[in-house]
Structure formats: structure tokens, C-alpha cells
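Structural overview
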Amino acid sequence: MKYFSLIWAQLFRSRTRTLFTLLSVVTAFLLFGMLDSVRVAFNTGGASVAGANRLIVASRLSITQSLPIRLESQIRQVEGVRDTTYGMWFGGIYQDPKNFFPNFSVAPNYFDIYSELEVPKDQIEAFRNTRTGAIVGESLAKQFGWKIGDTIPLQATIFPRGGSNDWPLQLVGTFRSKDRAVAGNEERQLMMNWKYFDESNDYIKNQVSWYTVTLDNPDHASRVAQAIDAISANSDHETKSQTESAFQQAFIKQFADIGMIVTSIMGAVFFTLLLLTGNTMAQAVRERVPELATLKTLGFQDGTVLMLVMIEAVLLVGLGGVIGLGLAALALPVMAPQTMGLLPPHVPAQTWAMGAVLIVVIGLVVGVLPALRAKRLKIVDALAGR
């Protein structure tokens, strides 16, 4: 573009103002890149079970609804199922409500299914043979200074035991994640024996929160999922089989509409950005009225002057937008492993495309009024005012 050097000079005529405006645009698109990536992941991630090696079977109505334990034997009989385990959410706290961490009761073969969690064999045997036994992640044990043989006085928030909220557990083992990238989250969990929970709690018997199913062939995931869900069809405990990522997303959606939250936040951010960049462009054109008149005196047509201002506005937003989205692309791979799969590991193509559209639209919107003013500028009036 033969006018690019002129546009660039106009853009950085007031460097301080331009840099502060660019910083605002970068921040806005950094937020957009990260938040919209989450929205896209929640709307599209885990939608299909094709190719999944491990399925989660939970209630079709809500993940807070439990399922009967008798389903385990029926699920095992489905062709294509290699193994299955189950768990029940407990929701206890340690000493203080602030000391919250995921804790649940699990089947004896839980660590056979979740082989990515490393536990010494003798500790697994101790867990299976100790009624009140518990296994915790290394990070959690280190945080509270727990050692093998310690008693963990867990306090129930949902399920009392014998009229009391006290659930003393004996620490019989610790586990660590093979994937050190997600160790910080996976190693902050506590597992207790499901049988102990089932026999001791006051309210619920022979119920589990979910089943985890491993498959003989990941290519048969869709067929197996349909067959499992057919077992409970038209019953009071209908199931929904889905991938682990989809299950995690459904868990979050029980508490908030991610799409609405993201849209609301970004709507406010971009509205503010429109006002800020619009003011920057208006002030920039107002300061350059004599210069624009000089350009027209030198033979620049009204349409050319309008184009120069419009391109300047789009360039201003475009520079900040590309930098912001680039920073989001760099940040997500670092942050995603710390969120147990809730954040995507990269900025999806849909977000990049939406970002490009927003750059152009915002640039045109903030540039149109200053550009029209520059186009309509009369040479005599501009120079006379100087």
C-alpha cells in the first residue's frame, strides 16, 4: 500500500496516547481470546463420544442425581465394555470450610481404571482392606503435612454418620499423577472406600454418583454409550453416557451459564473499548485538521482522505487485537493444565475468526465519524481556522 507510511506516521503522531489506547485494545482482546476459547470449548467440546476410550455414565436429569449400584453388573454385560468402576461424591471439609478439596468414595478397582494415577501396590491393597482407609494426592498430603497412618478428621457437609458429621479416615496411601503438567489439580483429591460410605451414612444406600467405563475399542464408543443408556431408558434413573471432558463441562454448567457470562463480560469490555478508541480517533482527526486540509490542497481526493482515516482506525484496533489474541494463545497452553481440562489448550479457530471480525467491525465503527468529518473538511475553512 503506497500510503502505508503516511498512515503509520498519523497513527503514532501522539505516541503516548496511541500506546495507552493500544494497551487497552490488547487487554480487551486478551480477555476475549481466553474467555471466548472457554465458551467455544464448552459449546463444542465433548459433544461426540466417537473415539473416546473412557466414558462417564451419570444421570440424564442432573449430575446431582444418583444411580443404583445394581447398574454396574448390567453395564459390564454390554458388548464392548472392558471394565467399569464407580464413585460417589462426598463433599467433606477438613478443619475449615476454606480447606475444600474434591473428595469422594470409590470402588475397590478405581485405581485400576484411572491408571494415570500412580499408587504403590501395597498401598492399594491397604486401601482395599482398610474399611476407613483413604488415599490422597501427594500435593494434598504435602499441604496439610499428612503421613501414612495419620487420621484425617473429615467433616461431612451432606452425609452425616450416626447423627454426627465426623468421618475419621485413616491415611493408607498417596498417589501421584504420571502427567506432571496436571499434577497440581489431580493430586488435590481424597478417595475413601465406597463400601464404608454406603454402610455408614444416614441417608442414602446402594447409590453412586457416576460410573466410569473403559472400552475394548474406542471406535465403538458411540454404540456402547447408546447401549448403556438403553439399559435405563424409561426408568426413574435414566443415564447419559459421555466423554470425561463433556462430563466436566456439564458439572460446571450446573452452576453457571458460561456462554451468557462470557457474552456479558465481553459486551461490557467492547462497549468501553468502542468509547475509548472512538474518542482517540476523534481527537486525532481534530488535531490534524490543518494537515488534512494540506493533503487536500496537494490533490488528495475526499474519498482518499476518508480511506486514510478508516484504515488508521482499523490498524489501531488490528494491532492491539492481534497482540491480545497472540498473548491469549501463549497463555492458554500454560494455564490449561492447571484447570483439569476446563480451559482449552489453545485458542480455537472459531475464536480467531470471531476476533478478526471484531477487529474490522470495531475499527470501522470507531473510524467512520472521524473519517466522514475529514472527508467533508473544506480547505478554506480549515486553513482559515489555523
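Predicted model only: the values in this text are computed from it and were never measured. Sequence positions are assigned chain by chain, starting from 1 and proceeding in written order. Only residues with pLDDT of at least 70 get local features here, since the model is predicted, and only at 80 or more are side-chain atom pairs given and counted; chain-wide, interface and lining totals rely on the full set of residues. With hydrogens and water stripped out, all remaining heavy atoms of the structure feed into the side-chain values.

The subject of this paragraph is the overall build of the protein chain. Summing up its helical and strand segments, the protein chain has 15 helices and 14 strands in all. For accessible areas, the Shrake-Rupley method is used with a probe of radius 1.4 Å. Any residue's cover is judged against the shown protein chains and nothing else. Of the accessible surface of the protein chain, which amounts to about 18,900 Å², a share of 59% is contributed by carbon and sulfur atoms. In this description a helix means any DSSP run of H or I spanning at least four residues, a strand means any run of E spanning at least two, and both kinds are numbered starting from the N terminus.

Turning next to the nonpolar core. Only buried residues count toward a nonpolar core, which is a set of Ala, Val, Leu, Ile, Met, Phe, Trp, Tyr and Cys residues joined through side-chain atoms within 4.5 Å. Each residue is placed in one exposure class: buried if its accessible area under a 1.4 Å probe, protein chains only, is under 20% of its type's maximum, exposed if it is over 50%, and partly exposed if it falls in between. Grouped together as the largest cluster of nonpolar side chains are 41 residues, with contacts concentrated most on Trp-146, Leu-190, Phe-197 and Tyr-211. Top contributing element to this core by residue count: helix H9 (residues 221–231), with four residues. Counting residues in each nonpolar core, the second largest holds 33 residues, with Phe-32, Met-281, Leu-315 and Ile-362 among its members.

Once that is clear, we can look at unusual backbone geometry. The phi dihedral of Gln-95 is positive, around 70°, even though this residue is not glycine. Given the relative accessible area of 61%, Gln-95 is considered exposed. With a phi angle near 65°, Asn-234 is a residue other than glycine that sits in the positive phi range. Along the chain, Asn-234 falls in the loop between H9 and strand S14 (239–243).

The subject of this paragraph is the side chain of Thr-84. The topology assignment puts Thr-84 in strand S3 (residues 81–89). Owing to a relative accessible area of 0%, Thr-84 belongs among the buried residues under this scheme. Here a polar contact is taken to be a pair of N or O atoms separated by no more than 3.5 Å, where protein atoms must pair a possible hydrogen donor with a possible acceptor and residues adjacent in sequence count only if both atoms sit in side chains. A polar contact is formed between the side chain of Thr-84 and the backbone oxygen of Thr-212, at a distance of 3.1 Å. Residue contacts follow a heavy-atom distance rule, with two residues in contact if any of their heavy atoms lie within 4.5 Å. Setting aside chain neighbours within four positions, we find Thr-84 in contact with Glu-72, Ile-75, Arg-76, Asn-109, Ile-113, Tyr-211, Thr-212 and Val-213.

This part takes up the packing of aromatic side chains. Each pair of aromatic rings taken from Phe, Tyr and Trp, with Trp reduced to its six-membered ring, is defined by centres within 6.5 Å and is described as stacked if the planes are under 30 degrees apart, edge-to-face if over 60, and tilted in the remaining cases. Enumeration according to the criterion identifies 23 aromatic pairs in this entry. Here Phe-90 and Phe-197 contribute two aromatic rings whose centre-to-centre distance is 6.1 Å and whose plane-to-plane angle is 90°, an arrangement assigned as edge-to-face. Pair noted here: Phe-90 is in the loop between S3 and strand S4 (93–94) and Phe-197 is in helix H8 (residues 194–200), with a separation of 107 residues, a long-range link. Neither residue differs from the other here; Phe-90 and Phe-197 are each classed as buried.

So, on to the packing of helix H13 (residues 302–335) against helix H14 (residues 349–376). The N-to-C vectors of H13 and H14 enclose an angle of 150°; their axes lie 7 Å apart at closest approach. Judged by the inter-axis angle, H13 sits roughly antiparallel to H14. Here H13 runs over H14; the crossing is right-handed. Of the residues in the contact of H13 with H14, the class split is 21 nonpolar, six polar and two charged. Axes here mean lines fitted to C-alpha atoms, for a helix over just the part in contact, with angles spanning 0 to 180 degrees between N-to-C directions. Just so you know how the angles are binned, under 35 degrees is roughly parallel, over 145 roughly antiparallel, 65 to 115 roughly perpendicular, and the rest oblique. If you view the pair so one helix is near and one far, a crossing is left-handed when the near helix is turned anticlockwise from the far one by less than a right angle, and right-handed when it is turned clockwise. Three classes are used: nonpolar for Ala, Val, Leu, Ile, Met, Phe, Trp, Tyr, Cys and Pro, charged for Asp, Glu, Lys and Arg, and polar for all others, with Gly counted as polar.

Another aspect to go through is the pairing of strand S1 (residues 54–59). Burial analysis of S1 places six of its six residues in the buried class, which makes it a mostly covered element. We treat two strands as partners when DSSP finds at least two bridges between them. Pairing of S1 with strand S13 (residues 210–215), which is carried by four bridges, proceeds in the antiparallel orientation. Counted as the bridge partner of Ile-56 is Thr-212 from S13. The pairing of S1 with S14 spans five bridges and is antiparallel. By the bridge assignment, Ala-58 is partnered in S14 with Lys-240.

With that settled, consider the UniProt feature "transmembrane region" (unreviewed entry) in the protein chain. UniProt positions are given in the numbering used here, feature names are shortened, and annotations may be inferred rather than shown by experiment. Here, the residues flagged by UniProt with the feature "transmembrane region" (unreviewed entry) are residues 258–278, 305–332 and 352–372. Secondary structure content for residues 305–332 is 100% helix and 0% strand, while the C-alpha to C-alpha distance between its ends is 41 Å.

Once that is clear, we can look at the pairing of strand S10 (residues 166–177). Inspection of the sheet shows strand S7 (residues 117–118) paired to S10 by two bridges, in the antiparallel sense. Each bridged residue has a counterpart across the sheet, and for Leu-117 the counterpart in S10 is Ser-177. Two elements, strand S8 (residues 133–137) and S10, share five bridges in a ladder whose sense is parallel. Bridge pairing in S10 places Ala-134 opposite Leu-171.

Attention shifts here to empty space enclosed by the protein. Once rolled over the atoms, a probe with the size of a water molecule shows which space is left empty. Using protein atoms alone on a 1 Å grid, points that fit a 1.4 Å probe yet trap it form a cavity, whereas open point sets bounded by protein on both sides within 12 Å along at least five of seven lines form a pocket; residues with an atom within 4 Å of a point count as lining. Grid points are joined across faces, edges and corners, and a volume is the space filled by probe spheres set on the points. This model, assessed by the stated rule, comprises one cavity of 30 Å³ or more. Roughly 80 Å³ of internal volume is contained in the largest cavity. What lines the largest cavity is a set of 13 residues, among which Leu-11, Arg-17, Thr-18, Ala-284 and Glu-312 lie closest to the centre. Counting only elements with at least two residues in the lining of the largest cavity, the list comes to helix H1 (4–11), helix H2 (15–44), helix H11 (258–287) and H13. Residue contributions to the lining of the largest cavity peak at four residues, all from H11. Partitioned by chemical class, the residues of the lining of the largest cavity number four nonpolar, four polar and five charged.

Here a salt bridge means any side-chain nitrogen of Lys or Arg lying within 4 Å of a carboxyl oxygen belonging to Asp or Glu. Evaluated as defined, the whole model comprises eight salt bridges. We note a salt bridge from Arg-54 to Glu-116, for which the minimum N-O separation is 2.8 Å. Note that Arg-54 is positioned in strand S1 and Glu-116 in the loop between helix H4 (110–113) and S7, a separation of 62 residues in sequence. Among the residues examined, Arg-54 registers a relative accessible area of 16% and is labelled buried. Across the pair Arg-76 and Glu-72 runs a salt bridge whose closest N-O atoms are separated by 3.3 Å. Here Glu-72 and Arg-76 lie together in helix H3 (residues 71–76), a separation of four residues that amounts to about one turn.

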